[in-house]
Amino acid sequence: GRTGMTEPSSGIAWANRLTRMLDQVLGPERFPVDVTALALDYSRQCFSDPVTMVKGEGLRGFEGGLFRSHKGKAAWSIVYNSALPVRGRIKFVLAHEFGHYLRHRHELDEFLCSQRDMIEWDREDQARETDANQFASYLLMPIADFRRQLAGQTITLDGLAHGAERYGVSLTAAILKWLEFTEERAVLVIARDGFILWSRSSEPALRSGAYF
């Protein structure tokens, strides 16, 4: 990296640094974030081992990956599963892998991430995955901007869907983000065929014992 530039010590801190930069350069109506352009440009300007390729591929069983190139000079590729059905899922995957690049590329030569890695944000055994998810969520959906979008509104699925559209993410990702900062008692439950797959409660809901 550049001399004298200390690197942020968490995914959230990295996201906040890039958010400030994007706000200054592009202004408040800059959403959704163009993660591909950001990863390519920022890494080229700041690091000797930049991201030089972002592409979709048939990644069986994985949502995305980050790979060190083994030929020529030091460089990285970010790959997303081209079969992902929802465009918003792709943006989150790209941001997640860029988070691995910024935070963890000195630890491993390759990262392969599953859907479970992207959704379960607090698994103890997966500190790296949690860090990359937090980076993606704070980069794509800065809390200050999200709060402004919802100011004075009654929270409805419709309103949250507008947020998902603004940030170019899935409705699930937008709701998970909102649960992080809302003062309301709210619980998101993901169920299939009558069985709960997983759920997430807001802080106020947790405090009042509302969780599954």
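Rules and cut-offs
Residues numbered from 1 in each chain as written. Predicted model: local features only at pLDDT ≥ 70, side-chain atom pairs only at ≥ 80, totals over all residues. Heavy atoms only, no water. Pairing = 2+ DSSP bridges. Helix = DSSP H or I, 4+ residues; strand = E, 2+ residues; numbered from the N terminus. Axes fitted to C-alpha atoms, helices over the stretch in contact; angles between N-to-C directions. Contact = heavy atoms within 4.5 Å. Patch = residues over 30% accessible without salt bridge, like charges linked within 9 Å, V, L, I, M, F, W, Y side chains within 5 Å. Areas by Shrake-Rupley, 256 points an atom, 1.4 Å probe, with all protein chains shown as cover. Salt bridge = Lys/Arg side-chain N within 4 Å of Asp/Glu carboxyl O. Buried < 20%, exposed > 50% of the residue type's maximum accessible area, 1.4 Å probe, protein only. Phe/Tyr/Trp six-rings, centres within 6.5 Å; stacked < 30°, edge-to-face > 60°. Lys NZ or Arg CZ within 6 Å of the ring centre and 35° of its normal.

Trainee: Is there a simple way to think about the sheet that holds strand β1 (residues 51–57) in this case?
Mentor: Strands pair in a sheet through their backbones, by hydrogen bonds, and they do so in one of two ways: parallel or antiparallel. Pairing within the open sheet is mixed, and its four strands lie in the order β1-β3-β2-β4. Across the chains shown, the open sheet's two edge strands, defined by having one partner strand only, are β1 and β4 (110–113). Within this sheet the neighbouring strands show an average axis-to-axis angle of 15°, counted without direction. Seen against the sheet, helix α2 (residues 35–46) touches β1 and β3 (76–81) and runs at an angle of roughly 155° to β1.

Trainee: I keep staring at a nonpolar patch on the surface and nothing clicks. Help me out?
Mentor: Where nonpolar side chains cluster on the molecular surface, the patch consists of Val187, Val189, Ile196 and Phe212 and spans about 360 Å² of accessible area. One can find phenylalanine 212 in the segment after α9 (203–207).

Trainee: How should I be thinking about the pattern of salt bridges in this particular structure?
Mentor: Opposite charge on two side chains permits them to pair, given that their charged atoms come into close proximity. This structure, assessed with the given rule, holds 13 salt bridges. A salt bridge links arginine 30 to aspartate 23; its shortest N-O distance comes to 2.7 Å. When the shortest N-O distance is used, the salt bridge between arginine 89 and glutamate 63 registers 3.0 Å. Taken as a pair, arginine 89 in helix α3 (residues 87–104) and glutamate 63 in the loop between β1 and β2 (64–68) lie far apart in primary sequence, 26 residues in all.

Trainee: Sorry, what's going on with unusual backbone geometry here?
Mentor: Leaving glycine aside, a negative phi is the common case for residues, and trans is the common case for peptide bonds. The linkage connecting phenylalanine 31 with the following residue, proline 32, adopts the cis geometry, with an omega of -5°. Here the phi dihedral of aspartate 193 falls at roughly 50°; this positive angle occurs in a residue that is not glycine. Mapped onto the elements, aspartate 193 comes out in the loop between β5 (187–192) and β6 (195–201). Exposure remark for aspartate 193: the relative accessible area of 72% places this residue in the exposed category.

Trainee: Honestly, the pairing of β4 in this entry has me stumped. Any pointers?
Mentor: Put simply, side chains in a regular strand alternate between the two faces of the sheet. Burial along β4 is one-sided: Phe111 and Cys113 are buried, and none of Glu110 and Leu112, which face the opposite way, are. As defined by bridge partners, β2 adjoins β4 across four bridges and the pair is classed as antiparallel. Its bridge partner lying in β4, leucine 66 is registered against phenylalanine 111.

Trainee: How should the packing of aromatic side chains be read in this particular structure?
Mentor: By convention here, two paired aromatic rings are described through the distance between centres and the angle between planes. Using the criterion set out here, one finds 10 aromatic pairs in the structure. Look at tryptophan 14 and phenylalanine 47: their rings are 6.4 Å apart centre to centre, the planes differ by 65°, and that puts the pair in the edge-to-face class. Within this pair, whereas tryptophan 14 is found in helix α1 (residues 11–26), its partner phenylalanine 47 is found in the loop between α2 and β1, the two being separated by 33 residues in sequence. Assigned by exposure class, tryptophan 14 and phenylalanine 47 land together as buried. Judged by centre distance (5.9 Å) and plane angle (75°), the rings of phenylalanine 47 and tyrosine 101 are edge-to-face. With phenylalanine 47 in the loop between α2 and β1 and tyrosine 101 in helix α3, this pair connects stretches of sequence that are 54 residues apart. Look at phenylalanine 47 and you get buried, because its relative accessible area is 5%. Members of the aromatic cluster, connected to one another through ring pairs, are Trp14, Tyr42, Phe47, Trp76, Phe98, Tyr101 and Phe135. Across the ring face of phenylalanine 47, the terminal group of arginine 105 is positioned such that the distance to the ring centre comes to 4.4 Å. One cation-aromatic arrangement involves lysine 177 over tyrosine 138; the distance from NZ or CZ to the ring centre is 3.3 Å.

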